[in-house]
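Descriptive analysis of the structure
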Amino acid sequence: MPPESKKDRLPFEPRKNKKKVPKVAPNVVAPAVAPSPAKESLPETSLKAIPRVVSQRMARRMAFFCGIPTALGVSTFFLFYWIVSHDILELPSYVAFVVSLSLFGLGFIGLSYGIFSASWDEDRPGSWLGWEDFKANFGRTIAAWRSGKKEVEEN
């Protein structure tokens, strides 16, 4: 597999082809702060935070996919109170609990979906629903977790 160029990767996406640093026996007298060979070889862009355009896109999506279900969850308390207080229906209290808890749970899932469904590419806004971006970004995250786990197991 050819090494990735800077343009093919996102600024905060982990590299797939990391060079292995050979293990060296520790020196008896080591300087207080020794520069790490792995950090020196990283490109400048991978050390930066999430670009502003991408983070704003994520925040908008999180507000939409989390905000709507959460607002509905809060409003169900008032709706059920109004229904019961006006003797429209005789509802047990667990119905309000289950409905509002379900909507709050959907809002919690919406937070994650808002992050993963946003396009992580600065130049491409992505689609309205973001399903293709969700699959790609979730795959990148799983791959990064697996490579991190392998790295820990090797050391």
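None of these values were measured; they are calculated from a predicted model.

Basis of the calculations
- Residues numbered from 1 in each chain as written.
- Predicted model: local features only at pLDDT ≥ 70, side-chain atom pairs only at ≥ 80, totals over all residues.
- Heavy atoms only, no water.
- UniProt positions renumbered as here; feature names shortened; annotations may be inferred.
- Helix = DSSP H or I, 4+ residues; strand = E, 2+ residues; numbered from the N terminus.
- Phe/Tyr/Trp six-rings, centres within 6.5 Å; stacked < 30°, edge-to-face > 60°.
- Buried < 20%, exposed > 50% of the residue type's maximum accessible area, 1.4 Å probe, protein only.
- Contact = heavy atoms within 4.5 Å.
- Axes fitted to C-alpha atoms, helices over the stretch in contact; angles between N-to-C directions.
- Parallel < 35°, antiparallel > 145°, perpendicular 65-115°, else oblique.
- Nonpolar A, V, L, I, M, F, W, Y, C, P; charged D, E, K, R; others polar.

**Digging into the UniProt feature "transmembrane region" (unreviewed entry) in the protein chain**
Under the local residue numbering, the UniProt record ascribes the feature "transmembrane region" (unreviewed entry) to residues 62-83 and 95-116. A distance of 31 Å separates the end C-alpha atoms of residues 62-83, which is 100% helix and 0% strand. Across residues 95-116, helical content stands at 100% and strand content at 0%; the span's end C-alpha atoms are separated by 32 Å.

**Some words on the packing of aromatic side chains**
Taken as a whole, this structure holds 10 aromatic pairs when the rule is applied. Between F65 and Y113, the aromatic rings sit 5.0 Å apart at their centres with planes inclined by 90°, giving edge-to-face as the arrangement. Residue F65 is found in helix α2 (residues 52-85), and its partner Y113 is found in helix α3 (residues 93-116); the two are separated by 48 residues along the sequence. An identical accessibility class is assigned to F65 and Y113; each is buried. Arranged with centres 6.4 Å apart and planes meeting at 40°, the rings of F77 and F104 form a pair that is tilted. Taken together, the residues span a long stretch of sequence, with F77 in helix α2 and F104 in helix α3 at a distance of 27 residues. By relative accessible area, F77 is classed as partly exposed at 43%. Overall, the relative accessible area of 30% leaves F104 in the partly exposed class. What links up through ring pairs into an aromatic cluster is the set F64, F65, Y113, F116, W120, W128, W131, F134 and F138.

**As for unusual backbone geometry**
Peptide bonds are mostly trans, and most non-glycine residues show a negative phi. Of note in this structure, D87 is not a glycine but carries a positive phi near 55°. The topology assignment puts D87 in the loop between α2 and α3.

**A look at the environment of I115**
With respect to the helices and strands, the residue I115 is situated in helix α3. When the C-alpha atoms of I115 and S55 are compared, they prove to be 8.7 Å apart, with 60 residues separating the residues in sequence. Sequence-distant contacts of I115, defined by excluding residues within four places in its chain, comprise M58, M62 and W120.

**Section: the packing of α2 against α3**
For any two helices packed against each other, the geometry is given by the interaxial angle and the distance between the axes. For the pair α2 and α3, interaxial distance at closest approach is 7 Å and the crossing angle is 175°. Taken together, the axes of α2 and α3 lie roughly antiparallel to each other. Across the contact of α2 with α3, the residue classes tally to 18 nonpolar, seven polar and one charged.

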